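# A closer look at the structure
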Amino acid sequence: MRRIFTLIFVLFCGAATAQKFNDLALTPPMGWNSWNKFACDGISEKAIRDVADAMVTSGMKDAGYQYIVIDDCWQVGRDSIGNIIADEKKFPSGIKALADYIHSKGLKFGIYSCAGKLTCAGRPGSRGYEFQDARTYAKWGVDYLKLDWCNSDGQTTKEAYTLMRDALYKAGRPIVFSICEWGNSKPWYWAQDVGHLWRTTGDIENQWGKVKAVEGKVWGGSVVAILDMQAGLDKFAGPGHWNDPDMLEVGNGGLTVEEERAHFSLWCMIAAPLIAGNDLSKMSKQSAAVLTNKDVIAIDQDKLGKQGYKILDGFDFEIYMKPLAGGDTAICLFNRTEKPLKVNVDWAKYKIGNDFKITDLWAHKSAGSTAANFKATIARHDVKMLRLSKK
Ligand code: GLA
């Protein structure tokens, strides 16, 4: 009898813990991560504090961005009882003080580790220390953990990430869990109950159009290469579990303003986590305007939690559609060519009714209705981002 009570108790508490974690990412997480801009050498307490300050003053916080995540290279070793040690030169006040500072700004704090013995930059990983590290993160006030997959020989993804998930549950602090095994084992099939988001590809690069080949295999690459690799994954995303096409390159100087707009719009169409990767403390007005367009962000953050998909596939011109809560629909018309493109969209061809009002989400103005064809000229590598609504 006692055993039955114990079992019921464990099941009940387990369910309660899972529930605490389940509600953390009902819409795709929004924040900032140090890797794309600062990589290994550029991070420091000062750099991260400056970004946290800028998150507030630039309007990013107001637009919905919450998490400030330190990526690789904050860690240097372990003490005699195995506790992870942060780099004292770069973080003289320690990680807890930095977390407290970030929290004092009304933001949330995230950190990086690796499921393998060493991180991708060769720092100590969490293998064998999962429960100890999870306790440390909880003590520091971590709200988000990105767990990488370098030096993970002999491990299987599902088991390794489930182990860390259980360690986070046990530590008890609600922490968003970001799985980063680059789509190697198709995490969209197994990760829904393990993490809140999972990377679908290798790393994004700060450029528009090339695919990166690693040892003959296509891995990460440019904005367009990563986008194309998302086809077919929409059915696996939903509230609490998102495909992650990697962090944003908006503001990092490799894209034109049209390309920044297209990158951001398309990431919103596919319900991507919106993790900025630029130096927010030195952001141009143009990039800030892209990252803080609330109408476009509302498409990403829509409560229905549907990932958008292509309704017109093509080498030159593509149309993405994303169903929204309350019967609205987002449409993104994407010119992939090297020249301005004249488009003439007949809504009926895509089974879109003739009773929607159209709002152009970058021009911030009404653009007629679906009773007529939509005609426009779209600049090279640019988009028209539209909200179709019945009201
Ligand atoms: C991997 C990840 C990146 C970044 C680096 C850090 O490449 O995919 O996002 O975290 O490691 O070393």
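Residues numbered from 1 in each chain as written. Predicted model: local features only at pLDDT ≥ 70, side-chain atom pairs only at ≥ 80, totals over all residues. Heavy atoms only, no water.

### A few points about the site of the ligand
What counts, and what does not: Any residue with at least one heavy atom within 4 Å of a molecule or strand is counted as near it. Polar contacts here mean pairs of N or O atoms no more than 3.5 Å apart (in protein, one a potential hydrogen donor and the other a potential acceptor; neighbouring residues in sequence count only if both atoms are side-chain atoms). Accessibility throughout is a Shrake-Rupley quantity obtained with a 1.4 Å probe, and a residue counts as covered only by protein chains that appear here. Residues are grouped as follows: Ala, Val, Leu, Ile, Met, Phe, Trp, Tyr, Cys and Pro are nonpolar; Asp, Glu, Lys and Arg are charged; every other residue, Gly included, is polar.
Around the ligand, the neighbouring residues are Trp35, Asp71, Asp72, Tyr112, Cys120, Ala121, Lys146, Asp148, Cys180, Trp182, Arg199 and Asp203. Between an oxygen atom of the ligand and a side-chain N or O atom of Lys146, the distance comes to 2.8 Å. One nitrogen or oxygen atom from the side chain of Asp203 is found 2.6 Å from an oxygen atom belonging to the ligand. When the free accessible area of the ligand is taken as 310 Å², the share hidden by the protein chains comes to 94%. Of the residues contributing to the shell around the ligand, the split by class is 6 nonpolar, no polar and 6 charged.

### Considerations on the pattern of salt bridges
Once their charged atoms are close, side chains differing in charge can pair, the charge on each being opposite to the other. The following threshold applies: Here, a salt bridge means any side-chain nitrogen of Lys or Arg that lies within 4 Å of a carboxyl oxygen of Asp or Glu. Strands are runs of DSSP state E lasting at least 2 residues, helices are runs of H or I lasting at least 4, and numbering of each runs from the N terminus. The buried label goes to any residue with under 20% of its type's maximum accessible area, the exposed label to any with over 50%, and the partly exposed label to all in between, with areas taken from a 1.4 Å probe on protein chains only.
Taken as a whole and judged by the stated rule, the model has 22 salt bridges. Note that Asp328 is salt-bridged to Arg387, the shortest N-O span being 3.0 Å. Here Asp328, found in the loop between strand 14 (317-323) and strand 15 (329-335), pairs with Arg387, found in strand 20 (residues 383-389); they are 59 residues apart in sequence, far enough to count as distant. Among the ionic pairs, Arg380 bridges to Glu338, the shortest N-O distance being 3.1 Å. One end of the pair, Arg380, is in the loop between strand 19 (374-378) and strand 20; the other, Glu338, is in the loop between strand 15 and strand 16 (341-345), and 42 residues separate them in sequence. Here Glu338 falls in the exposed class, since its relative accessible area comes to 53%. Because the salt bridges share partners, they merge into one network encompassing Asp228, Lys310, Asp313, Glu318 and Arg336.

### Quick notes on the nonpolar core
How we decide: Residues grouped as a nonpolar core are buried Ala, Val, Leu, Ile, Met, Phe, Trp, Tyr and Cys residues, joined through side-chain atoms within 4.5 Å. For each domain, the first and last residues come from an automatic or database assignment. By definition, residues are in contact when any of their heavy atoms lie within 4.5 Å.
Tyr65, Trp74, Phe264 and Trp267 are the most contacted members of the largest nonpolar core, which totals 95 residues. Counting contributing residues, this core receives three or more from each of domain 1 (25-300) and domain 2 (309-390). Among all residues touching Phe264, those that are not within four sequence positions of it are Tyr65, Leu248, Val250, Leu274, Val290, Leu291, Val296, Ile297 and Trp362. Core analysis: the next-biggest nonpolar cluster, separate from the first, contains 18 residues, Phe317, Leu333, Leu341 and Ile378 among them.

### A closer look at the UniProt feature "domain: Alpha galactosidase C-terminal" (unreviewed entry) in the protein chain
Which entries qualify depends on this criterion: UniProt positions are given in the numbering used here, feature names are shortened, and annotations may be inferred rather than shown by experiment.
On the UniProt side, "domain: Alpha galactosidase C-terminal" (unreviewed entry) is annotated at positions that read residues 316-388 here. What you have in residues 316-388 is 0% helix and 53% strand, and the ends, taken at the C-alpha atoms, are 23 Å apart.

### Looking at the environment of Ser287
Among the structural elements, Ser287 can be located in helix 10 (residues 285-291). Exposure remark for Ser287: the relative accessible area of 5% places this residue in the buried category. Expressed as a C-alpha distance, the spacing of Ser287 and Val250, which sit 37 residues apart in the sequence, is 6.4 Å.

### Structural notes on the sheet that holds strand 20
Put simply, the rule reads: At least two bridges found by DSSP between two strands are what make those strands a pair. Geometry is summarised by axes, namely lines fitted to C-alpha atoms with helices restricted to the contacting stretch, and by angles between N-to-C directions that run from 0 to 180 degrees.
Sheet architecture is open: 6 strands sit in the order 13-14-15-20-17-18, paired in antiparallel fashion. Strands with a single pairing partner mark the edges of an open sheet, and in this sheet they are strand 13 (309-312) and strand 18 (365-369). Averaged over all pairs of adjacent strands, the angle between strand axes in this sheet comes to 30°, irrespective of strand direction. Across 6 bridges, the pairing between strand 15 and strand 20 is antiparallel. When the sheet's bridge partners are listed, Phe334 is paired in strand 20 with Val383.

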